[in-house]
Amino acid sequence: MGTGLCLRGQNLACWLQAGMPSSPARLHRQQEPLESQDWVFILEPHAESALEKGSRKDVTRARTGLLSSCFHKRQNHCLMSSLQILQPVKISMELSPHFRLAYASDAYHTVPPGATIRVRIQFTPDESKDYSHKLVCITKTEKIAVPIRAIGARAILNIPDNISKCAVKSSTQKTRLVHSTGSREAHYQLITQRFPGGCWNMLVAGLHAPEHKQLLKWLLPTPVLFLLLKADLISLVSSHIPHPPSKTASGLPKETPAPRLLLREKLKPANLTPSAFQKEMSFTTKQRLAIAKKLSLPQIVQPEDKHETSHQKFLAADPEQSSFQPCPPEVVFQNYTPGEVCEVPLVLRNMDKVPHVLKVTLESSPYFQLVGPNDACRKVPPGLSTTVRILFTPEQNKDYFHQVTCITEREEFIVPIRAIGARAILGFPDQLDFSEQPVKCSAQKVLLVRNVGNRAAHYQLSTQSPFSVIPAMGALGIGDSMQVTVEFHPLKTGEHCASLVVHYDTGEATHTSLHGRAVDVPIRLDRSTVTFDKTFVTLSNRTTVLIHNLSNITARFQLKAADTEGEEEQLKLRQYHRLCQLKKDELYDLLKECGVETSRRERFALLLRSFCSEKAKVRGDAMLFQDDIFSLEPKEGEIGPNSSAEISVFFKPQEARVYKQTVYCDISGCEKRLPLVLTGEGLGPQLDFYYKEVDIGEIFVSGNNRFEAALFNSGPIEAPFSLTPPSTAMGSCFTFQPQEGIVAPNALQVIRISFCTTILGVFEEEFSFRVTKAPKPATLTIRGCVIPPTFHFDVPALHFGDVSFGFPRTLQCCLFNTSLVPMTFHLHIPGDGFGEPSINASSLNPASPSWGKESDCLMKPREFNIRPCRGTVRALGSMDIKVTLCSNTAREYKLEMVMDVEGVGQKVFALPLTARCIVPPLRVLDPVVKFDHCCLTVPYEEKLTLVNDSDFPGCYCILPQENKEKAAAWYSSSEPSGIIKAHSSVEIPITLEAQVLGKCDIPAELAVFGREGSPLVIHLECVGQGPVVYVYPRQINFGTIPVVQDSVKTLHLSNQSAIPAIFRAEMAGKRSCWRVEPNKGVVAPNSELLVAVIANLNDTKKFQDSVTVFIENSLTTTISVQAVGIGTTIVTDKPLVPALDLKSQFSFTPCCYKFKMTNKGRQTHQLYWSTEGFHAFRQNTRPPALKGSRSKDASQTPRPGSPVFKLRPLMTDLRPGQTVEMVLEGCSSTVQEVKERLLCHAVVGKTKAKKQIMQVDVTCKFIRPSVQMSTKAITFRVEKKPSDILMPQYKPLSLKNTCSLPLSIVLDLKQPFLICNRDQQPLPADSKPMTLDVGEELHLCIQFNPAYKKDLKSWVAEKVLRLRFVGHPREEHITVRGEVYFPNLHLQAEVVDFGCIINDTEQELCMEMSNCSPIPVQYHWSFLTDSQVNTIRFLPSPPEFKPQSSKKEGAFQRRYSKIKSVEEPTETPESTLDSAWEDSAQEDSAQEYSAQEDSAEEDSSEGDSDHESSDQEDSAHENSDQEAPAPEDPAQEDPAQEDPAQEDPAQEDPAQEPADAEDPLKAEELPSTAVEPQRQVRRRRGLSQFSEMKRLNLGMQEVFDVRPLWGELQPGQSHLVTFSFFGYANIVARVRALCHVEGGPTYEVVLTGQASCPSYQLDVEEIDWGLQVFTKVLQAEVTLRNTGVIEFTYVVPNSSTGTAANPLPGVPVVMPTTGSIAPGEKQVLKVYYLPGKQGVFCKTFQVQVAYLEPAEIFLKGEGTLSRIPKDLPRKSSKGKRKKRNLKKEKRKRDESSAIHPEDKP
């Protein structure tokens, strides 16, 4: 076996750490020893075969490391193939039966440096299994443990290493034939890892025996397939993962192990965005070096022994960390050019406090080298650094890896080197927002992605649901572009966030943030329930259901049977399990049939393909609604925007019953599926008999009778029928033809009936015919009568002859039935007795009263027995009858046996009976029986002989002894009775027990059964004697015993006779301190009885007495006793010493324990009580306070530092026999368990010293009361329909006492709730507290009055039921809630404000109205006819805008000019101006109409506070954006200053207008910040005929309208109510619309609206620039202000094509040229003009507002040349001063020219 082993240096752990799975084929190839401490023995196949042949005990020798492993110096904590030993090495191994060293263990081996040593290990296996052990190598500096492992038999499956490639996005199936070529059975599991973008599937079996072939199938692409064996891991690597080249980091072929990188900083952040990745890849090597700021100490790779190479004894650095800090911690080269040399400095700083010698080495590489000599040593002082320069010469633009090794006398550490080559960079955005999308709808965004890197991109794209990306993987060349589609398909509403991850083949990954929001859209069914009319089975009914799509999307719907996707997946899973079980059974049948043959592989592959096909169908099944009863068409489809789809629903019942099914509509745009409940009732066939009852009259028994009946089908469908088999005996005699069939509609079916019965008498039977699919069968009733048969006996009479008294005799006769029908009979004997059955002599017992001297029977016994007495004789048949006579009367018999026939009559026949009864004479052979001497109560036995001389058997019995209690002896017999045969004798045993002493003669009586007169007399003679008892000991000394306590000694009574001894024990002295227990009793024969002598002393002195034992019928014995007493004679009537447990008590409640103390001694005792650990109690002579909470609390609650329990009286005197009552009291305010010790001291008699006589440990647990409530919350819910009457509601409530003490509770509850008893009767207001015992449960009812509030609005009442405990502050609470729902509506707003619209236009607003109650609501609309509330007026002129500081709350404002919902957002400030104009209109209306209208408007404004706050937020936002307010509004001035010509005298009523009338909603005027215009402001209006407008007489219906006027809303349903307003010229209208709800309240909605025309104002009409340089661009501003109440648009017609920076000469440029201005807002128009030539210019441009005439703005000025003054310097005495002035002027000119560069010529 030595040649069958080799050493392998790589194990499973190495494979996992390396990250490169090994192929199955590599299991058989020997590997080079890697960095591992695990030495493994591998059993090759030939070695295993040798073991099987019986050579398991062979010794296998192997050498470590390819049969000659070497030891050398340890590096990297690994044991390599050659070790340099610098000192002696001891090699040892623990004792093992399988492994041992070839030489003596624990031997030292001296190994010179560089030399090797061979270690031989012997391995002796017992069986082919795994073994493990270890080899220990010890030096002076370290201890090395080398593991040893022997690998036994292994299972090997020949699965290929690689799987061929396949096309992307396509499925490929591969079938492999797998053999188990190993040497053991394979227990395996196949696991695959999912590759990004790939899918897989696998079909495997469980057990793979050797040489057994099995097919495995998997679906590509499968990246990695792991095969788990018993102890190894083999991997199957797909071709989708390329194997990395077997080269080192330097690019050279792998000859030696590559250096391991032990410490590396994290290169990429957790989520790297594409922009950050592009920026990082754009760094150069210097930039990368500059940002490397994070420094850390490298870990030590190999510690050195400092004692041999360093003189420093103490080091300051951490021994686990390096003493040098490299900067940078990792050398990185980036963006380099092949062939060019790159240099990076590496700074190594000494972080220790002592100098170190540093040697920096770099392994030979063609790409990396150090500047300067390699392996050079340098000494670095503490705190200083040394710089090493690394040169990098790349050949290609790819990645390189290397490392720098730094060695000091203390440690060895490495610095990684990494060169980042070419990288692919795809230009993805950092984030992608899909905004708001309908749920279950797809939204796509196409990204144009370009590879901006310098390498071709091999990428993989992945994301998370509900996002998806196409393509999932691919390649993109440098500079190429592609389209990437990102899809957002949400299945649930709400926010969705995910990341789009781009994986590069170089290992990097970027993350793009994806965001989207899913919402529901308005899609609904026109009804939620479909109810069909009653439909006959096999027929169908049809109706339709509409799906309304009120959204703007195309919705796709599917009708399904599951409510959610989870239930749908469960249905699929169950279907898949059924399919798997079916295919599994087929697979097992095929494997059983095929065995190991491969000829039927094609059939197996076909089965696998069919399984995959069926499984794909299950996965792709849409799980649409399928049902045999209900069907819907179409089951899926699309619905266009704002349209409806019609669904046809068919109902085809199969049975006559009610069907109910729920269908769920899964539609895009709605998260939850819409339920549709389908209900229908099926009707069965209408089939019944023409005549339901038939009377056939009298018929003979067993005769054949035939007749007919008819079935009639009155329904429109066929009626299949079948006979239900009858369950009665008579019914089974009928036969029907045909028994089943089909009756056509409106047709007859004849049924032929035959009848043959064997039962006599009248009958009536009901037969049922089951009609298919009908709820009830068709029934037929048949009635008639049957005639009886004839008979006779075979003997004329029965003669019994002479019979013995009490002994039975049996005779037999035969009964013949001579008729053709069966006969039922009954036999009885009229002359027989009616009492109990006669007594059989064999069943007599001594206690029977029949042995009496005189018979006391009240009724004559039954002496005859007939078998059978009842029965049925078949036609022309016979039956044997047995008659038995057991006579109990000595006489002759002449009787008759009478027969009754059932159905014929009584006493039909009589058979004579004769017999005679005889009693045999018996005699006693010797009438005297002698017993001699007998112990009392001991039984003795003798024999008595009885003789029978007659020809008949007899029965005898020894009668029980009479007056047994007074007899001198008792007798009995073990066999007191028996039977004596004719002419024979019998011996009877007699037992005698003597009861008195001396001679006695006892007579006994023997009775003969049936004999009349006195019984036979027998004399029993004996002599009686008593017991012999020995009593010991003769003296009893108790010694010293405690007083007032029982002390026991034993007294022995030994009975040495065969009879029990009765004894009695008494004390000699009177009032003795001793007693005997038991003081009397019985000592069993030949046994010993222990009697207790108990001493209970009452004083501490010596006592003496004697015990007298009396033995009945024997001698008397006296025993002396003595004792000395110790202790105390004070006792209590209740348990007190040594511990007193007061159980549980309520806190805050005083507890009291009363007991009595009695002095049972002979001396007086003075008692003193105290508590251990506390000062002695003071005697309180005053009694405790019984009333008043203050005194009670003071006495009950202990003070700090005082005991909880107190005893009174604390001191007392007890005379002998005296008793005192003691009271122990305690109270606690907290829940706790109290333990205290009470001490009692006493002064006894005339002594002066006190001594402790008692110690009591008092324990009490203070608890709080607790009640278990059946519920913590009670909720009432009442839905008030219009036809309902509100009645009180009741809910049960049970309270159970769960604490260990009884408690009393008080309940308190407020209206509208009441507390009632279990009979629903209210408890009285002054009811007493209710008491609950421990565990007792109280049942109550809580009443809720839903009619407590009288209005018709839904309301909720919530109160608290308080449970207070009497005598305790704790309370319990139960929440009681009552909900009353009326038909109520929720209106979105109470005020609908149309704002101000253009004259002669119509505006519509939609408001959502929903049913907020669970009751259907019927409503209708109307307008309030009160003229004081509804107002219509016309303004004399177009009003101007009044700025408002705030907006009224709750008003429904106009947003756009089209019909829309109130929930749509707004972004225009028009609503603010409309609100302001509404306030202005209301102010004008208040000045023109009465004050009553003002109060009505104030009420309306107060009601606006209940509306939504969305308009408030919009208004606040719009007001904050206004920079300057509008000019003062003339409408806000004093009415007295207005022009009277512009007012209408017909509407002016000074008497009705109050003097101080002003608008309460008038806003505070903002300060004006407008610039003063150059010319007078000109005002323009749209129309000029406002002052001449004629007022119209309009009704409210002509101005406002509501649609729909009436309708019905189901619970939770809502729809839009449309309000319309027609804007007559300059109209201001206000009306209240009323929504009346049947059975509910009436809702009010205020409608307001106004109409007007646009108005604006320009601040300038002419711009004069004066004299300007003609090459300079001139600027000016014109302010356009909206002074009306309508938002308008403006435009500058014929605008120039020039720009503000470069205008065309002579053509003005106005910016902006168009725009929109809200009411009260302004727009600044900037005008740019370039003269372009010298001379005067005059230009104009126009501004057109809305449809009004354009306004002209004039521009004028004069163009001229620029001039530069020149002043030459002169030489004078003031030269310096002039020079400074010239410099100053030049500086000013330079600054001027810099500001206006266009002025330069």
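Here's a quick rundown of the structure.

Rules used in this analysis
Residues numbered from 1 in each chain as written. Predicted model: local features only at pLDDT ≥ 70, side-chain atom pairs only at ≥ 80, totals over all residues. Heavy atoms only, no water. Helix = DSSP H or I, 4+ residues; strand = E, 2+ residues; numbered from the N terminus. Buried < 20%, exposed > 50% of the residue type's maximum accessible area, 1.4 Å probe, protein only. Salt bridge = Lys/Arg side-chain N within 4 Å of Asp/Glu carboxyl O. Lys, Arg positive; Asp, Glu negative; His and termini not counted. Polar contact = N/O pair within 3.5 Å; in protein donor to acceptor, adjacent residues only side chain to side chain. Pairing = 2+ DSSP bridges. Axes fitted to C-alpha atoms, helices over the stretch in contact; angles between N-to-C directions. Arc of directions from axis to C-beta. Contact = heavy atoms within 4.5 Å. Phe/Tyr/Trp six-rings, centres within 6.5 Å; stacked < 30°, edge-to-face > 60°. Lys NZ or Arg CZ within 6 Å of the ring centre and 35° of its normal.

1. Concerning unusual backbone geometry
Across the junction of S465 and P466, the peptide omega takes the value 10°, indicating a cis bond. Across the junction of E1077 and P1078, the peptide omega takes the value -5°, indicating a cis bond. Within the secondary structure, P1078 sits in the loop between strand 76 (1074-1077) and strand 77 (1080-1083). One non-glycine residue, L876, lies in positive phi territory at about 55°. Tracing the sequence through the fold places L876 in the loop between strand 59 (870-873) and strand 60 (878-885). Of the residues examined, L876 reaches a relative accessible area of 54% and is grouped as exposed. Residue N963 is not a glycine yet carries a positive backbone phi of 50°. With respect to the helices and strands, N963 occurs in the loop between strand 66 (954-958) and strand 67 (969-972). Judged by its relative accessible area of 59%, N963 is exposed.

2. Comments concerning the pattern of salt bridges
Within the structure shown, the criterion is met by 44 salt bridges. R1277 serves as the salt-bridge partner of E1379, at 3.6 Å between the closest nitrogen and oxygen. Here R1277 lies in strand 91 (residues 1273-1279) and E1379 lies in strand 98 (residues 1371-1381), a separation of 102 residues in the sequence. Residue classification places E1379 among the buried residues on the basis of a relative accessible area of 10%. Each of the salt bridges in this network shares a partner with another, and the network as a whole consists of K440, K560, E568, D666 and R673.

3. With respect to the side chain of E409
Tracing the backbone shows E409 in the loop between strand 25 (400-408) and strand 26 (412-420). The side chain of E409 sits in the buried core without any salt bridge; K379 is the nearest counter-charge, 8.1 Å away. Within the local environment of E409, its side chain forms a polar contact with the backbone nitrogen of V357, the two atoms lying 3.3 Å apart.

4. Let's talk about the sheet that holds strand 58 (residues 864-867)
Spatially, the 4 strands line up as an open sheet ordered 54-56-60-58, and their pairing is antiparallel. Here the strands that pair on one side only, and so sit at the sheet edges, are strand 54 (791-793) and strand 58. Looking at each pair of strands side by side, their axes are set apart by 25° on average, direction ignored. Both strand 56 (residues 809-817) and strand 60 contribute to a ladder of 8 bridges, which runs antiparallel. Bridge pairing in strand 60 places L815 opposite M879.

5. Side note on helix 3 (residues 274-281)
Residues P274, F277, E280 and M281 constitute the buried set of helix 3. With its buried residues spanning 125° around the axis, helix 3 presents them on a single face.

6. Some points on the environment of V357
Position of V357 among the secondary structure elements: in strand 21 (residues 356-362). The residues contacting V357, other than those within four sequence positions of it, are C377, R378, K379, I407, T408 and E409.

7. So, the sheet that holds strand 63 (residues 922-924)
Read from one edge to the other, the open sheet built from 4 strands follows the order 63-65-69-67, with strand pairing classed as antiparallel. Taken across any chain shown, the strands that pair with only one partner, and hence form the sheet edges, are strand 63 and strand 67. Along the sheet, successive strands turn relative to each other by an average axial angle of 35°, direction set aside.

8. Looking at the side chain of K1280
Within the element layout of this structure, K1280 appears in the loop between strand 91 and strand 92 (1289-1297). Although buried, K1280 forms no salt bridge, and the nearest oppositely charged side chain, D1284, lies 6.4 Å from it. Leave out the neighbours within four places in its chain, and K1280 touches L1286, Y1381, F1382, P1383 and I1415.

9. Things to note about the packing of aromatic side chains
Where two aromatic rings form a pair, the distance of their centres and the angle of their planes describe that pair. What the rule picks out here adds up to 46 aromatic pairs. Ring plane angle 65° and centroid distance 5.5 Å describe the contact between F392 and Y400, whose orientation is recorded as edge-to-face. Residue F392 shares its accessibility class with Y400, and that shared class is buried. Relative to Y893, the ring of F864 lies with its centre 6.0 Å away and its plane at 85°, an arrangement referred to as edge-to-face. Of this pair, F864 sits in strand 58 while Y893 sits in strand 61 (residues 892-901), and the two are 29 residues apart along the sequence. Among the aromatic residues, those joined into a ring-pair cluster are F689, F721, F734, F736, F755, F763, F767 and F769. Residue placement shows K1250 over the ring face of Y1168; its charged tip is 4.7 Å from the ring centre.

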